[in-house]
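# A closer look at the structure
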Amino acid sequence: MSEIVTMPQLGETVTEGTILRWLVAVGDEVKEDDPILEISTDKVDTEVPSPFSGKVTSLLVEEGETVEVGASLLELNGDASSSVVDEKIPNDIDSFDEPTQEIVEEIKVEESASSPVIKSSNIKLSPVVRKIVSENNLDLAQITGTGSDGRITRKDVEAYMASGNVAKKQSIDTAVQKEVKQKEQPKATTGEISRLRRRIAENMVMSKQTSAHVMTSVEVDYENVEMLRSKHKKSFKEDNGFSLTYLPFISLATIYALREHPVVNSSFDLDKEIHSIHSHINLGIAVDLNQEGLLVGTMREADSFSLKGLARKISDTSIKLREGSYELDDVSGSTFTISNNGSFNSFLTSPIINQPNVAILSTESVKKRPVVIEAQDGTDSIAIRHTGLLSLTWDHRVFDGSIALLFLNSIKEKLENSDWSQELA
Amino acid sequence: MQIEKITRQGYAATLSKEVLWDIYKSMKTQRLLEDRLLKMYKGGQLSGAVYPGIGQEACMAGIAAGMDSKDIFGGTHRDLGVQIKKGVTLKEIALNFFGKNDGPSKGRDGNSHFGVVDKGTLMVVSPLPDSAPVAVGWALASQQSGTGVVAVANCGEGATATGTWHESVNMAAVLNLPVVFTVQNNQFAYSSPNDTEFGTPNVADRAAGYGIPARIIDGNDIYEVIDAIHESCENARNGNGPSLIELVTFRHYGHAGHDPAEYVNDEVREFWMKRDPIARFEDALLQEGLFTTEQFVSLSEELEAEIKETIDWAKNQDDPDPKNEESDMFADRTTPLIENSENNKETMNFIEAITNGLDELMDNDENVFMMGEDIGVFEGAFKATKGLFNKYGPFRVIDTSISEGGFTGAAVGAALAGKKPIVELQFYDFVYPALDQITTEAAKYNWKAGKPVPMVVRGPTGAGTRSGPFHSISPESLLAHHPGIKVVAPSNPYDAKGLLIAAVNDPNPVMYLEHKKLYRKPDLKMEVPLGLYEVEIGKGKIVKEGSDLTIVTWSGMVSVAEQAAQELSKDGLSVEIIDIRTIVPLDEEIILNSVEKTSNLCILQEDVPFSSIASEISSLVAEKGFWSLDNPIIKVTPPNTHIPFAPVLEDAFIPSVEKVIKAVKELQ
Ligand SMILES: Cc1ncc(C[n+]2csc(CCOP(=O)(O)OP(=O)(O)O)c2C)c(N)n1
Ligand SMILES: [Mg+2]
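Residues numbered from 1 in each chain as written. Chains lettered and ligands numbered in written order. Predicted model: local features only at pLDDT ≥ 70, side-chain atom pairs only at ≥ 80, totals over all residues. Heavy atoms only, no water.

Next up on the list: the overall build of chain B. Each helix and strand counted, chain B has 24 helices and 21 strands in total. By the burial criterion, 60% of the 668 residues in chain B qualify as buried. Restricting the contact set of chain B to residue pairs at least 6 apart, pairs at least 24 apart contribute 81%. Total accessible area on chain B is roughly 25,400 Å²; 50% of this is exposed by carbon and sulfur atoms. (Helix = DSSP H or I, 4+ residues; strand = E, 2+ residues; numbered from the N terminus. Buried < 20%, exposed > 50% of the residue type's maximum accessible area, 1.4 Å probe, protein only. Contact = heavy atoms within 4.5 Å. Areas by Shrake-Rupley, 256 points an atom, 1.4 Å probe, with all protein chains shown as cover.)

Here it is as structure tokens:
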């Protein structure tokens, strides 16, 4: 029985990936979990382990090719004389905490419903859906299709948009947009500076002139969060209409850490000689307005929220800001700010403090990396873990490095060790 | 060489010296001009073609000279000489030969294929002899209005073998019209001699078959031609009906510039060269002592210089601008749309609304008249002309012979002469023999000769009456494929009357399609305003609003769409129905707007699918409405076959409510 390995979805918003290198050749015997190829997506570069054991009978894409998630990559145990793909799918896949295997589940639907020809581009979108999605920068992954074969119809998109839980896609362009972008020659233009841009510019310079910026970072092992997240990913999305990202976890951990280190949640006015430690945590989240500016949305009294509540609040806030339907209260009064640079695949960022805050946290991208794990018996082993940096820019006028690191490590500790399963149950 | 003598007689004997000089001058002009053009053609300085009538100058000038100046001439490629004598200038001719913008056909047709209607020459087209029915129609208008205009319908002997010629002569004979049919028998049709073209010894022998008088004359004797034409024209003018004149003559050159005419043997050529019409005319003029050889020579020199100068001038005139390629397809309507102002209404079915519209149109404007088979005393196969013959008489409700090409062409001529003809086809299936006239003449007149042709061709269309393959077609795509004609297809009594009036008032040829299943459909009865009102041609209508799917349809299929929409609404599907009402020009906007709203399109038509209006609309939406679509476009049409008779077959052929529902549901 032949098996088809397809392009895994290696991140929430990943829709395609590039084949960097084949690690196997036609004729090779591979065992389940053997690395078979390296792929690169806009989130990660990674080796893909084989979900099945068997003999490689054909490589269906070439190195350097970029294919959509779900596209067929490799055939195992195929009948060499025919290219017809066995429609049967493996039934021995039951664990679902590995992303690659989750994809295999999706193949089930795909394979039984469509012809081999369609497999290479599994997502059929009508012109009008493409148009609405691209005009509104929607994330297709968020929309449930009710058309034939689960196709997303215009009604589905409209229902989704009417639901209010609209998550906008950030870095991924639709194929159509990409094509347009490639074709259009950028033109030299001169124009006025928007009011928003002016405000950002003034605030940034003012902040740099006000605070003594220092950046400090720590490395966080997200495996704990990742396990939980992938376990609840599906049900969470179904229940809430938006995806569970790392940000609510980091925000919650930050809120705990701010409680432990109230000086980080303060304002400092040297001219008036006033240092105010705030009683509530009004968490600011920097929201990118689709590359046309940046606003900090404020979640007032964020310390009163549960993980789920926080997740929803973050989602709602960013929609509000992107749609421009916010009030002054929504963008003022923050006491501490998080800038979610990981969503744009950062490695390390040194953000500018949002005045009158005294520190700003930057989340960086989470990626699988080899990590040395020490077992209880003292033996070392190398594991693949989801890790990422957290960096903090803080005002050296207000406190010193020790507090910055105690604060950062407090966040790290909570992310690595908290048991949030109850929160998500 | 010994020259055959000619002498003046009859009407020719009465002509003054000046008139004779004018005739001579026009013959000379034709000869020298065509000679020049032939040389240019052979020297590669002229594109297209030249069809020299050299050798036939006496026919050409004599025909024109025998006619009254107000009389109309319908001729062919060979008849440049007639046009010259009718007053068409060297400049006009040269501009046309060089395809110039200011030429009579604006560069849309070349060489001698043009007419100058205002000077009494009908547009020359290639298909032979297509101006004959048009000339007959002009004569019909003359008979109706008593203008005393005679039409001369001329062609070569070869063209008399066509159905078009036969229908023209037959119609003129039946209706006793003021037409003179002239046939220049120049011995060859392209390369074919007489015995390959007709079975009688002479063309003129055919006249007996139509019951009209005929004579055979020497086409190279200018005096005989003038006299014969004059006599026949005056007879026709006096109400004595049509006649036929065979002018026996000879073409000195080949059919066209490229043809060396090797099929003409030396004996024949020698016989005819002795009878060169210009030499004979000069000889007679000298004999009478009217003019001198010096005068002939100096005229030749003057004309040669003028021809050369005119050609050089024409070459440097403006070419047509390709930007205007699409202009003049239709004449613009200048009068405002007639709004419905009457409060009086009457409940009518579809055919009653049409009859009422016809009646009010004829009552309102005496230029409106009808032609068709059995439409008079019998009141039409479907009784669409009920009561009209009694009210308007045989000159305005004209029973025609079975000559669809003939009477449709006659409508073109009558329209050019100022009438507003309405042609009834007994069944639209019989439009095929009329298509030549519709597309060659009606559709091209405004484009190629700058003269609008306001005429309507109406008749029953559509299947569903167990009438089989030849009484059931939906001809919309067949017609719409031809630029220059409008096509309307109403679906209810109100639109039927309003569109009919708009069609008659439109300055262009309008094909008006009446689905015969609608004629007496009881549930289609509605209140129709009395008095004139119009529904704008080119505007569709939203029959029913909806949000999920657009059905675009027209004519007999509108009610099918309505029933399907009702069924589909039970499944929560909200269908919008667009009745386009006009096929050409198509209301693109109403379709695109609706698809933008619903994102789904179904086109429902009774016409067969291949290369059809459904394909056209589908292509329109794919091109201009692509980003609105949420599903592939559905076309619900019959299979691509002929319309069968057997009830089970016909029922399966016609798109049904069930078919529409099934097609729509398959998409969902
Ligand atoms: C309906 C039609 N068929 C064929 C032709 C091609 N054609 C052009 S002229 C010609 C010969 C016409 O002969 P005749 O009617 O004797 O006129 P002549 O050219 O001799 O003046 C033919 C066959 C045409 N123009 N129209
Ligand atoms: Mg001939």
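The next subject is the overall build of chain A. Counting secondary structure elements, chain A contains 11 helices and 17 strands. Every one of the 425 residues in chain A was classed for burial, and the buried ones make up 46%. Across chain A, the fraction of contacts at a sequence separation of at least 24, relative to all contacts at a separation of at least 6, is 65%. About 21,500 Å² of surface is accessible on chain A, with carbon and sulfur atoms providing 50% of the total.

We now examine the site of ligand 1. Residue and element names in this part refer to chain B. Around ligand 1, a shell composed of 14 residues is seen, among which His77, Arg78, Ser126, Ala159 and Phe188 lie nearest. Within the complex, 68% of the 580 Å² of free accessible area of ligand 1 lies under protein. Looking at the shell around ligand 1 residue by residue, the class counts come to 6 nonpolar, 6 polar and 2 charged. (Near = heavy atom within 4 Å. Nonpolar A, V, L, I, M, F, W, Y, C, P; charged D, E, K, R; others polar.)

For the rest of this paragraph, the subject is the interface of chain B and chain A. Counting residues at the interface gives 11 residues for chain B and 12 residues for chain A. Among the residues of chain B in contact with chain A, Trp627, Leu629 and Asp630 of chain B are the three that bury the most area, contributing 58% of the side total. Counting across the chain B and chain A interface gives 2 salt bridges. Among the ionic pairs, Arg151 of chain A bridges to Asp630 of chain B, the shortest N-O distance being 3.8 Å. At the junction of chain B with chain A, the criterion picks out 9 residue pairs in polar contact (both at pLDDT 80 or more). Taken together, the residues of the side of chain B that touches chain A break down into 3 nonpolar, 4 polar and 4 charged. (Buried area = accessible area lost by both parts, 1.4 Å probe. Salt bridge = Lys/Arg side-chain N within 4 Å of Asp/Glu carboxyl O. Polar contact = N/O pair within 3.5 Å; in protein donor to acceptor, adjacent residues only side chain to side chain.)

On to the coordination of the magnesium ion (ligand 2), then. Residues and elements named next belong to chain B. For the magnesium ion (ligand 2), the full set of protein donor atoms is Glu157 (OE), Glu157 (OE), Asn186 (OD1) and Phe188 (O), at a range of 2.1 to 2.6 Å. Coordination at the magnesium ion (ligand 2) comes from 6 donor atoms whose angles at the metal span 52 to 176°, giving a geometry best classed as irregular. Along the chain, the residues donating to the magnesium ion (ligand 2) are arranged with the sequence spacing E-x28-N-x1-F. (Donors = N, O, S within 2.8 Å, 3.2 Å for Na, K, Ca; no water. Tetrahedral: all angles 85-135°; square planar, octahedral: opposite > 155°, others 65-115°.)

To continue, consider helix 20 (residues 558–569) of chain B. All names here are of chain B. Taking 1.5 Å per residue as the helical rise, helix 20 with its 12 residues ought to reach 16 Å, and the 16 Å between its terminal C-alpha atoms agrees with that figure. Within the span of helix 20, buried status applies to Val558, Ser559, Val560, Ala561, Ala564, Ala565 and Leu568. Tucked inside the fold, the buried residues of helix 20 contact strand 16 (541–544), strand 17 (549–553), strand 18 (575–579), strand 20 (601–604) and helix 24 (657–667). (Expected span 1.5 Å × (residues − 1).)

Another point: the sheet that holds strand 2 (residues 151–156) of chain B. Residues and elements named next belong to chain B. Strands sit in the order 1-2-3-7-6 across an open sheet of 5 strands; the sheet is parallel. The two strands at the open ends of the sheet, each matched to only one other strand, are strand 1 (72–74) and strand 6 (214–218). Strand-to-strand twist of the sheet, defined as the mean angle between neighbouring strand axes without regard to direction, takes the value 20°. Direction of pairing for strand 3 (residues 179–185) relative to strand 7 (residues 243–248): parallel, over a ladder of 6 bridges. Bridge pairing in strand 7 links Thr182 to Ile245. Across the sheet, helix 6 (residues 131–145) lies against strand 1, strand 2 and strand 3, angled at about 170° from strand 2, the strand it touches most. (Pairing = 2+ DSSP bridges. Axes fitted to C-alpha atoms, helices over the stretch in contact; angles between N-to-C directions.)

Time to look at the pairing of strand 11 (residues 274–277) of chain A. Direction of pairing for strand 10 (residues 266–269) of chain A relative to strand 11 of chain A: antiparallel, over a ladder of 4 bridges. Opposite Asp269 of chain A, over in strand 11 of chain A, you have Ile274 of chain A as the bridge partner.

Glancing now at the packing of aromatic side chains. All names here are of chain B. Overall, the coordinates contain 22 aromatic pairs over all chains when judged by the stated rule. Residues Trp165 and Phe181 carry aromatic rings whose centres are separated by 6.3 Å and whose planes lie at 75° to one another, so their mutual orientation is edge-to-face. Note that Trp165 is positioned in helix 7 (residues 163–174) and Phe181 in strand 3, a separation of 16 residues in sequence. Assessed through its relative accessible area of 1%, Trp165 is described here as buried. On the basis of relative accessibility, which here comes to 0%, the residue Phe181 falls in the buried class. Judged by centre distance (5.4 Å) and plane angle (75°), the ring pair of Phe382 and Phe427 falls under edge-to-face. (Phe/Tyr/Trp six-rings, centres within 6.5 Å; stacked < 30°, edge-to-face > 60°.)

A word on the nonpolar core. Counting 81 residues, the largest nonpolar core has Phe181, Met371, Tyr445, Leu479, Met511, Ile591 and Ile617 of chain B as its most contacted members. With 8 residues, the top contributor of residues to this core is helix 6 of chain B. The residues touching Ile617 of chain B, leaving out its near neighbours within four places in the chain, are Val552, Trp554, Ile580, Leu586, Ile591, Leu601 and Ile603 of chain B. Core analysis: the next-biggest nonpolar cluster, separate from the first, contains 52 residues, Ile200, Tyr246, Val287 and Ile338 of chain A among them. (Core = buried A, V, L, I, M, F, W, Y, C linked by side-chain atoms within 4.5 Å.)

This part covers the pairing of strand 2 of chain B. Residues and elements named next belong to chain B. The element strand 2 is extensively covered by neighbouring structure, given that 5 of its 6 residues are classed as buried. Where strand 1 meets strand 2, 3 bridges bridge the pair, whose relative direction is parallel. Bridge pairing in strand 2 links Phe73 to Val152. Two strands pair when backbone bridges link them, and strand 2 and strand 3 are joined in this way by 6 bridges, in the parallel orientation. Residue Ala153 lies in a different strand from strand 3, and its bridge partner there is Phe181. In terms of handedness, the path from strand 2 via helix 7 over to strand 3 forms a crossover that is right-handed. (Right-handed = clockwise from strand over helix to strand, strands pointing away.)

Once that is clear, we can look at the confidence of the model for chain B. Low pLDDT means the predicted atomic positions in that stretch should not be read closely. Mean pLDDT over chain B: 97, with 100% of residues reaching 70 or higher. At the level of chain-chain contacts, confidence expressed as ipTM amounts to 0.73, with global pTM at 0.70. (pLDDT = per-residue confidence, 0-100.)

On to the pattern of salt bridges. All names here are of chain B. Following the criterion strictly, the structure yields 48 salt bridges over all chains and no others. Between Glu57 and Arg31 there is a salt bridge; the shortest N-O distance is 2.7 Å. One end of the pair, Glu57, is in helix 3 (residues 57–66); the other, Arg31, is in helix 2 (residues 17–42), and 26 residues separate them in sequence. Assessed through its relative accessible area of 0%, Glu57 is described here as buried. Each member of the salt-bridge network shares a partner with another, and the members are Arg31, Glu57 and Asp276.

Residue and element names in this part refer to chain B. Closest axis-to-axis distance for the helix 21 (residues 588–598)/helix 22 (residues 613–624) pair is 11 Å, and the angle between their directions is 60°. Between helix 21 and helix 22, the angle is such that the two are oblique. The way helix 21 lies across helix 22 gives a crossing that is right-handed. For the pair formed by helix 21 and helix 22, the contact residues are Glu588, Ile591, Leu592 and Val595 on the first element and Ile617, Leu620, Val621 and Lys624 on the second. A per-class count over the contact of helix 21 with helix 22 returns 6 nonpolar, no polar and 2 charged. (Parallel < 35°, antiparallel > 145°, perpendicular 65-115°, else oblique. Left-handed = near helix turned anticlockwise from the far one by under 90°.)

As a further point, take the sheet that holds strand 20 of chain B. Residue and element names in this part refer to chain B. Strand order in this open sheet of 5 strands is 16-18-17-20-21, and the pairing throughout is mixed. A strand with exactly one partner marks an edge of an open sheet, and here the two such strands are strand 16 and strand 21 (634–636). Averaged over all pairs of adjacent strands, the angle between strand axes in this sheet comes to 25°, irrespective of strand direction. Against the sheet, helix 22 makes contact with strand 17, strand 20 and strand 21, and its axis sits at roughly 160° relative to strand 20, the strand it touches most.

Judged by side-chain charge, Glu301, Glu302, Glu304, Glu306 and Glu309 of chain B come together as a negatively charged surface patch. Topologically, Glu304 of chain B is positioned in helix 12 (residues 293–315). (Patch = residues over 30% accessible without salt bridge, like charges linked within 9 Å, V, L, I, M, F, W, Y side chains within 5 Å. Lys, Arg positive; Asp, Glu negative; His and termini not counted. Charge placed at Lys NZ, Arg CZ, Asp CG, Glu CD.)

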